[in-house]
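Chain and residue survey
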Amino acid sequence: MSTVDLSRFSFSGGENAAPIDDLTRLPAEDRERLVLAGIDVNDRQVSGAFMQLNHAGVHCETRRDGLELMDIRAALKKFDGLPRYYWQMLDPDKDDFTRMAREHLNGGYFVRARKGAKISEPVQSCMFIKGHGAGQSIHNIVVVEEGAELHILGGCATAHEARDAAHLGITEYYVEKGGKLTFTMIHNWGDSTTVRPRSAGRVEAGGEFQNNYILLKPVGDLQMYPLMELTGNNAVARFNSVIVAPAGSYVDCGNRIELNAPDTRGEVISRVLTTGGTVINRGYIGAAAAPAKGHLECKGLIMGGGRIHAIPELNSNQDGVELSHEAAVGKIAQEEIEYLMARGLDEDEAASTIVRGFLNVEIMGLPAPLKKAMDEQIALLETGHAM
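Residues numbered from 1 in each chain as written. Predicted model: local features only at pLDDT ≥ 70, side-chain atom pairs only at ≥ 80, totals over all residues. Heavy atoms only, no water.

Looking at the overall build of the protein chain
- Counting secondary structure elements, the protein chain contains six helices and 20 strands.
- Taking 387 residues into account, the globule formula puts the C-alpha radius of gyration at 21 Å, and the protein chain, at 20 Å, falls close to it.
- Expressed as lengths along the three principal axes of its C-alpha atoms, the size of the protein chain is roughly 65 × 55 × 40 Å.
- Of all 387 residues assigned to the protein chain, the portion counted as buried reaches 57%.
- Of all intrachain contacts in the protein chain linking residues separated by at least 6 positions in sequence, the fraction that spans at least 24 positions is 83%.
- Accessible area of the protein chain: about 15,900 Å², with a carbon and sulfur share of 46%. (Helix = DSSP H or I, 4+ residues; strand = E, 2+ residues; numbered from the N terminus. Rg over C-alpha atoms; globule rule 2.2 N^0.38 Å. Buried < 20%, exposed > 50% of the residue type's maximum accessible area, 1.4 Å probe, protein only. Contact = heavy atoms within 4.5 Å. Areas by Shrake-Rupley, 256 points an atom, 1.4 Å probe, with all protein chains shown as cover.)

What follows is the structure, given as structure tokens:
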């Protein structure tokens, strides 16, 4: 991976961009980019909405009792610096990207589901970049209090005309006893965008965390390796990823789970397709307590060149721990093509059927409109027009 010169990007100015009261008034080309990042501004079946445009939080609204949502800078002022949450799961001196995010905080959000609140509709959060050479460094904090439930649908995108942009995204997750958090992230970056998310979280006893990550569009250079620590009995964490890397894309991604309490469970499932890009697909489950169960499943499909490097890792010194992994990288098997062709499909149709089955997002439990949009994107990919 090449070194990133952050001085190329502008992380200052633009904080006073005008608020956008009605996101449906965004330009049509911007709305199109957001739809491909899972954000439909016409969808009223949401519990809240937040939008970050470059360095400004331009839209924030909540529609449900028990839900708090505000710009991170407002939350830091209101709650005396958020000492229980702010930079508690991540070290701000971890690397150049965390340091930049600490020194040039452009925004982000604080969202909290209050104790016992069952927020059935998702919270929409959108990180959007416009312009040439723009840098965006944000810090998000997600808190699910005891017994609460929350689903966040996060879309990240660049505008059509954006070139050579950078996004630095810090996210900290806190799931308290018996809480449940589903976090779905969809990226629609440009082919010259540098992306550096840095994420970590903690799940307490009986809590559940599910992370869905979808990347179907080109990206210049992306690196992420979120960590989830399970600190209470019967805590659960699941990571599901569907990633497509066309020519020119470089993706270094993975997920890490630490099973630090008895009767915890962790699962990492990824599907990676390269049509010319490079993907380093990492997965790690460590168990420091027993009994505990964990499973890694990293599968890669190569079409038209490209490279996939799968790195599954399991680590424990405990009796009573069950950790397993399955990793496979290869091309579409000719016998699979021939099997489908024998049943009436031509070769292209057979290949498309295999790709569609491989990039199955059913496991993610996505809302129906979002699932439909993802299916449409995969259909375009199959015909070679999505790139």
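What to know about the pattern of salt bridges
- In total, this model carries 21 salt bridges according to the counting rule given.
- Two residues, D30 and K130, come together in a salt bridge whose shortest N-O distance is 2.8 Å. In this pair, D30 sits in helix α1 (residues 28-35) while K130 sits in the loop between β5 (123-129) and β6 (135-144), placing the two residues 100 residues apart along the sequence.
- Note on K130: relative accessible area 26%, which makes it partly exposed. (Salt bridge = Lys/Arg side-chain N within 4 Å of Asp/Glu carboxyl O.)

Thoughts on the domain arrangement of the protein chain
- Taken as a whole, the protein chain is organised into domain 1 (9-224), domain 2 (237-330) and domain 3 (332-386).
- Centre-to-centre separation of domain 1 and domain 3, based on C-alpha positions: 30 Å.
- Contact residues are listed per partner, giving twelve residues for domain 1 and nine residues for domain 3.
- Together, the buried faces of domain 1 and domain 3 total about 960 Å²; carbon and sulfur atoms form 73% of this surface.
- Along the contact surface separating domain 1 from domain 3 lie zero salt bridges. (Domains from an automatic or database assignment. Buried area = accessible area lost by both parts, 1.4 Å probe.)

Some thoughts on α1
- Three or more residues of α1 are buried, namely D30, R33 and L34. Taken down its axis, α1 places every buried residue within 100 degrees of arc, on the same side.
- Buried positions along α1 lie against β1 (48-53), β5, β7 (149-158) and β9 (180-188). (Arc of directions from axis to C-beta.)

Observations concerning the pairing of strand β14 (residues 236-246)
- Within β14, ten of the eleven residues are buried, which leaves the element mostly enclosed by the surrounding structure.
- The sheet contact formed by strand β11 (residues 208-215) and β14 spans eight bridges and is parallel. Bridging from a neighbouring strand, Y213 pairs with S241 of β14.
- With eleven bridges connecting them, β14 and strand β16 (residues 264-275) associate as parallel partners. Within the sheet, the bridge partner assigned to S241 lies in β16 and is S270. (Pairing = 2+ DSSP bridges.)

Details of the sheet that holds β9
- Taken in spatial order, the ten strands of this open sheet run β2-β1-β5-β7-β9-β11-β14-β16-β18-β20, and their pairing is mixed. Looking at strand neighbours, the two that pair on one side only are β2 (56-62) and β20 (321-330), the edges of this open sheet. With direction set aside, neighbouring strand axes in the sheet form an average angle of 5 degrees.
- Where β5 meets β7, seven bridges bridge the pair, whose relative direction is parallel. Directly across from Q124, in β7, lies its bridge partner L153.
- In this fold α1 packs onto β1, β5, β7 and β9, with an angle of close to 120 degrees to the strand it touches most, β5. (Axes fitted to C-alpha atoms, helices over the stretch in contact; angles between N-to-C directions.)

A look at the packing of aromatic side chains
- Tallied over the full model, the rule gives eight aromatic pairs.
- Here the aromatic rings of F79 and F110 are separated by 5.7 Å at their centres, their planes lie at 50 degrees, and the arrangement is tilted. One end of the pair, F79, is in the loop between α2 (72-78) and α3 (96-103); the other, F110, is in strand β4 (residues 109-113), and 31 residues separate them in sequence.
- Assessed through its relative accessible area of 21%, F79 is described here as partly exposed.
- In this structure F110 comes out as buried when scored by relative accessible area, which is 0%.
- Judged by centre distance (5.1 Å) and plane angle (55 degrees), the rings of Y173 and F209 are tilted. Within this pair, whereas Y173 is found in strand β8 (residues 166-175), its partner F209 is found in strand β11, the two being separated by 36 residues in sequence.
- Here Y173 falls in the buried class, since its relative accessible area comes to 4%.
- Counting every residue linked through ring pairs, the aromatic cluster contains F79, Y85, F110 and Y174.
- Its guanidinium or amino end placed over the ring of F79, R112 lies 5.1 Å from that ring's centre, counting from NZ or CZ.
- R343 extends its terminal NZ or CZ atom over the ring of Y339, reaching a point 3.8 Å from the ring centre. (Phe/Tyr/Trp six-rings, centres within 6.5 Å; stacked < 30°, edge-to-face > 60°. Lys NZ or Arg CZ within 6 Å of the ring centre and 35° of its normal.)

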